Each structure stands twice: as structure tokens, then as C-alpha cells.
Amino acid sequence: MDHAARRAKLRRRLAEEGLDAFLVINLEGSDGANLRYLTGFTGSAGGLIVGKEGDVFATDSRYTERAAREVPDLPIEKLPGRWLDWLADRLESLSLKRVGIGAQRTSLWLYRELEKRLKGVELVPLEGWVEGLRRVKDPEEVERIAAAARLTDEGLRWLLGRLKPGTSEREAALELEMWYRKNGADHVAFDLIVAFGEGSSMPHYLPGERELKEGDLILLDIGAKVDGYCADLTRVVALGRPAPEARAIYELVLEANRAGLEAVRAGVTGVEADRAARKLIQEAGYGDQFGHGLGHGVGLEVHEGPRLSPVSEDTLEAGMVVTVEPGVYLPGKLGVRIEDLVVVRPDGCEILSAFPKEELLVL
Ligand code: ZN
Ligand code: ZN
């Protein structure tokens, strides 16, 4: 990963916008993805000043040794206990007058503490500067996401071979998480969702003690994280003969998923891609049962830009990695979502999730 080139892009923008520096502060993970994107640093506390003349990286004693390995292209400065005072002095010593800071990940507390200390320095909240750079992935990032997607598929195959009546949702989710971590994932990309039967109607379900029984639909929304990059996949399968309604909803959602995939290409807006899939669900009379957007960007974070939804302001560009995940949810009854992960290309998209979906798989 060419972190210096990413910082150079920010530096060019500073000049254009009349700023002297851009500040990234990660407090217990508050801005971890942006800091990692710009430096390679994976620790949960540290900061970066991207300045007109050069960059300053700092972390505390817990991380200095790791940082020396992960951030070889910058000197590592050690933060003292009173790091806010240190930072104020450091900005002053560099004569930085107008300093941008990411608005989305800076807490109001931090902003106030900085303002209190920064005499003669104007702090400028900025939206989406690093997040904007992160939208289009370079080939190395795509390869990491593809590796996470492959591992996610493999884990699902493993889990489906073990599910049997009496298994609880929590057990299944936990075993799958362990499998991912034993097989090369740094972590899971998010809390894995395993929902049996009526639980599948809640899009962001919390797996519980519900036990699997014959005739249940099983919704799995899962993802491994590999080398910092996330995967995101949803499949629905059944244990034993599913109800005819479940099959019909599955067919509908599958058609919408295909229409969405068909629509994704560079130049298409997030609204247009969403509409291509949503139209089919609306025409079938289930428009109100598809409450979320069609998809989202995936990278260092599982939910990032761009958005594919009726209110998206984004246009797809080649190299973006997004999900296509239409769903229909009938509260108290069942839910079906089919989610694929794709790379946007100039004339279409390349699907990274290979797990079969062509028909409702019956275990
Ligand atoms: Zn998902
Ligand atoms: Zn998703």
C-alpha cells in the first residue's frame, strides 16, 4: 500500500483549499480506519498531521514499537500523558495556522479540547476528505477484499455442513466466528448475523437462543476481515421443506439481486442502481417490506461510501467495492436478503462473493 501517495493527495488538496495541515486523531478506534488508510498503523491510539511541508506521526508508548514496523516511512514521535498539550505545541512549532480535521469522526469533546488549547490556530471541520479517497480502491485493496470474500464463502460452506435441528443461533454465529479467526481472518467484519425462522425478518438481527427446527429459513449475514479489509455476504437457506411463500419471496429477492447487479457499472448513480432492483420488489407488491437501501461501499470498514439507495447522492466509479443486497421482510414470519459483494468496472461489475444462490438451498 502506498500510504505516502495517499497523504500526497491530501496535501495537494490542502494547497487548493488554503489550509496548512490536516489532522487525523484516533482515540480508542474513533478514527482508526482513516489513520490506517493514510499510514498503515493498526493501533487504537495515535495521530497524524499531514502538513504542507511534511507529515508528523505520533503514538503513545504502548504502540511505538508496532508503529516503527507498520509506519516505516515516517519518524515515530512518542506522545506523553498530556498529549493534547503536546499536540498544541507541535502545531505551533510547525507554524500551522489553518488546520483541517475530519468532522465525522471527531467527537465534540475532542474538538472543544483542541479549540481551548490552540491559540492562533484556526480549526476547520471538513467532511469526507479521507473517506472520499477511500471510496475507489486500488488493486491491492481489491485483492484483500476478495481474499476476505473467499474466506467468508468458505466459512459459510463449513457452517452449513454442521447446522442441525437444535443448534442455537448464538452457537452457530460463535462457531463461525471462531472458524474465521482460526483460518486467517484478523477478526469478523461485524457481529455476524444468524437468524432462524421468524428472526430473519429483522435486517440487523441479534442472534439469540432460538434453536433451529425443520422448515425454518436460515438467514446468514456474515463477513470475515482479512488484512484490515472486510467482506459482507448474505445468504438464505432452509432446513427441510420451506413454505411456498418462502420460496416465492426468495425468487423475487433473487431477481431483484440480479437486476441490481446488472445495473451496477461506472457512471450509474446510487439512486439508479437502487431503483433497478427496488422496482421489481415494488411491482410484486412488497415495496414497503424493503426498508433499507440496496447497498453500501465496503473496505476498511464494512459500511462506507458510496451508498446505493433512494436518497444516495453518489455516482459509481470504477474501482469502488459495493454490496448489492435487496431484501423483503415480513415481520413475525420471515425475511429474505441476498447480498453480493462486487467491484465496479467501467462496463459492469465483477462479483467477489461466489457462494451459490441460484435456488433456495435446502439442507
Ligand atoms: Zn451484510
Ligand atoms: Zn451489507
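Residues numbered from 1 in each chain as written. Chains lettered and ligands numbered in written order. Predicted model: local features only at pLDDT ≥ 70, side-chain atom pairs only at ≥ 80, totals over all residues. Heavy atoms only, no water.

### As for the overall build of the protein
Part 1: Looking only at helices and strands, the protein features 10 helices and 20 strands.
Part 2: Here the protein has a C-alpha radius of gyration of 23 Å; the compact-globule value for 363 residues is 21 Å, and the two agree.
Part 3: Structurally, the protein occupies a C-alpha span of about 70 × 40 × 35 Å along its principal axes.
Part 4: Taking all 363 residues of the protein together, 54% fall into the buried category.
Part 5: Contacts in the protein between residues far apart in sequence, at least 24 positions, make up 67% of those at least 6 positions apart.
Part 6: Carbon and sulfur atoms form 50% of the exposed surface of the protein, whose accessible area is close to 16100 Å².
Part 7: With 48 positive and 61 negative side-chain charges, the protein shows a separation of 2 Å between the mean positions of the two kinds. (Helix = DSSP H or I, 4+ residues; strand = E, 2+ residues; numbered from the N terminus. Rg over C-alpha atoms; globule rule 2.2 N^0.38 Å. Buried < 20%, exposed > 50% of the residue type's maximum accessible area, 1.4 Å probe, protein only. Contact = heavy atoms within 4.5 Å. Areas by Shrake-Rupley, 256 points an atom, 1.4 Å probe, with all protein chains shown as cover. Lys, Arg positive; Asp, Glu negative; His and termini not counted. Charge placed at Lys NZ, Arg CZ, Asp CG, Glu CD.)

### Side note on the coordination of the zinc ion (ligand 2)
Each angle at a metal carrying four tetrahedral donors should ideally be 109.5 degrees, and each at a metal carrying six octahedral donors should ideally be 90 or 180 degrees.
Part 1: Around the zinc ion (ligand 2), the protein contributes the donor atoms Asp232 (OD), His296 (NE2), Glu325 (OE) and Glu339 (OE), which lie 2.1 Å from the metal centre.
Part 2: What the four donor atoms of the zinc ion (ligand 2) show is an angle range of 77 to 151 degrees at the metal, which sorts the shape as irregular.
Part 3: Separating the zinc ion (ligand 2) from the zinc ion (ligand 1) is a gap of 3.1 Å, which Asp232 spans by donating to each of them. Remark: Glu339 occurs in the loop between β17 (334-337) and β18 (340-345) and His296 occurs in strand β13 (residues 295-297); sequence separation between them is 43 residues.
Part 4: Among the residues examined, His296 registers a relative accessible area of 5% and is labelled buried.
Part 5: Using a relative accessible area of 0% as the deciding quantity, one classes Glu339 as buried. (Donors = N, O, S within 2.8 Å, 3.2 Å for Na, K, Ca; no water. Tetrahedral: all angles 85-135°; square planar, octahedral: opposite > 155°, others 65-115°.)

### Some details on the nonpolar core
Part 1: Formed by 64 residues in total, the largest nonpolar core has its most connected members in Phe22, Tyr180 and Leu220.
Part 2: At nine residues, the largest contribution of residues to this core is made by helix α7 (residues 139-160).
Part 3: Here this core spans two domains, since at least three of its residues come from each of domain 1 (3-134) and domain 2 (139-362).
Part 4: Dropping the residues within four chain positions of it, Phe22 is found in contact with Leu10, Leu14, Leu48, Ile49, Val50, Gly100, Ile101, Gly102, Leu126, Trp129 and Val130. (Core = buried A, V, L, I, M, F, W, Y, C linked by side-chain atoms within 4.5 Å. Domains from an automatic or database assignment.)

### A look at the sheet that holds strand β2 (residues 45-51)
Two modes of strand pairing occur in sheets, parallel and antiparallel, and in both the strands are linked by backbone hydrogen bonds.
Part 1: Spatial strand order, β4-β3-β2-β1-β5-β6: six strands in an open sheet with mixed pairing. Two strands lie at the open edges of the sheet, namely β4 (76-78) and β6 (122-126), each paired on one side alone. Taken pair by pair, the neighbouring strands of this sheet meet at an average axis angle of 25 degrees, ignoring direction.
Part 2: In this structure, strand β1 (residues 21-27) lies alongside strand β5 (residues 98-102), joined through three bridges in parallel fashion. In the sheet register, Phe22 faces β5, and the bridge partner there is Gly100.
Part 3: Of the strands in this sheet, β1, β2, β3 (55-59), β4 and β5 touch helix α4 (residues 83-93), which is tilted by about 170 degrees from β1. (Pairing = 2+ DSSP bridges. Axes fitted to C-alpha atoms, helices over the stretch in contact; angles between N-to-C directions.)

### Digging into the coordination of the zinc ion (ligand 1)
Part 1: Only Asp221 (OD), Asp221 (OD), Asp232 (OD) and Glu339 (OE) from the protein coordinate the zinc ion (ligand 1), and they sit 2.0 to 2.6 Å from it.
Part 2: Coordination at the zinc ion (ligand 1) is irregular, judged from the four donor atoms that bind it and the angles of 54 to 146 degrees they form at the metal.
Part 3: One chain supplies every donor to the zinc ion (ligand 1), and in sequence these donors are spaced D-x10-D-x106-E.

### Some thoughts on the sheet that holds strand β7 (residues 187-188)
Part 1: One open sheet accounts for three strands, arranged β7-β10-β11; its pairing is antiparallel. Only two strands of the sheet have a single neighbouring strand rather than two, namely β7 and β11 (229-230).
Part 2: Where strand β10 (residues 224-226) and β11 come together, two bridges link them in antiparallel fashion. The residue of β11 that forms the bridge with Lys225 is Cys230.

### Examining a negative patch on the surface
Part 1: Residues Glu251, Glu255, Glu358 and Glu359 make up a contiguous surface patch of negative charge.
Part 2: Positionally, Glu359 belongs in the loop between β19 (348-351) and β20 (361-362).
Part 3: Of the residues examined, Glu359 reaches a relative accessible area of 60% and is grouped as exposed. (Patch = residues over 30% accessible without salt bridge, like charges linked within 9 Å, V, L, I, M, F, W, Y side chains within 5 Å. Salt bridge = Lys/Arg side-chain N within 4 Å of Asp/Glu carboxyl O.)

### With respect to the packing of aromatic side chains
Part 1: Evaluated as defined, the whole model comprises five aromatic pairs.
Part 2: Geometrically, the ring pair formed by Trp179 and Tyr180 is edge-to-face, given 5.7 Å between the ring centres and 75 degrees between the ring planes. In this structure, Trp179 and Tyr180 share a single accessibility class: buried.
Part 3: Here the aromatic residues Phe41, Phe57 and Tyr63 are joined through ring pairs into a cluster of three or more.
Part 4: Above the ring of Tyr37, the side-chain terminus of Arg6 is found at 3.9 Å from the ring centroid.
Part 5: The ring of Phe290 has Arg278 sitting right over it, with the charged end atom 3.9 Å from the ring centre. (Phe/Tyr/Trp six-rings, centres within 6.5 Å; stacked < 30°, edge-to-face > 60°. Lys NZ or Arg CZ within 6 Å of the ring centre and 35° of its normal.)

### Let's talk about the domain arrangement of the protein
Part 1: The domains assigned to the protein are domain 1 (3-134) and domain 2 (139-362).
Part 2: The C-alpha centroid of domain 2 is placed 35 Å from the C-alpha centroid of domain 1.
Part 3: Contact with domain 1, which involves six residues of that partner, is made by seven residues of domain 2.
Part 4: Both sides together, the interface formed by domain 1 and domain 2 hides about 580 Å², and carbon and sulfur atoms give 39% of it.
Part 5: Between Arg105 and Glu301 there is a salt bridge, and its shortest N-O distance comes to 2.8 Å.
Part 6: Summed over the shared surface of domain 1 and domain 2, the number is four residue pairs in polar contact (both at pLDDT 80 or more).
Part 7: The leading source of residues in the side of domain 1 that touches domain 2 is helix α2 (residues 32-39), at three residues.
Part 8: Its residues assigned to classes, the side of domain 1 that touches domain 2 comprises two nonpolar, no polar and four charged. (Buried area = accessible area lost by both parts, 1.4 Å probe. Polar contact = N/O pair within 3.5 Å; in protein donor to acceptor, adjacent residues only side chain to side chain. Nonpolar A, V, L, I, M, F, W, Y, C, P; charged D, E, K, R; others polar.)

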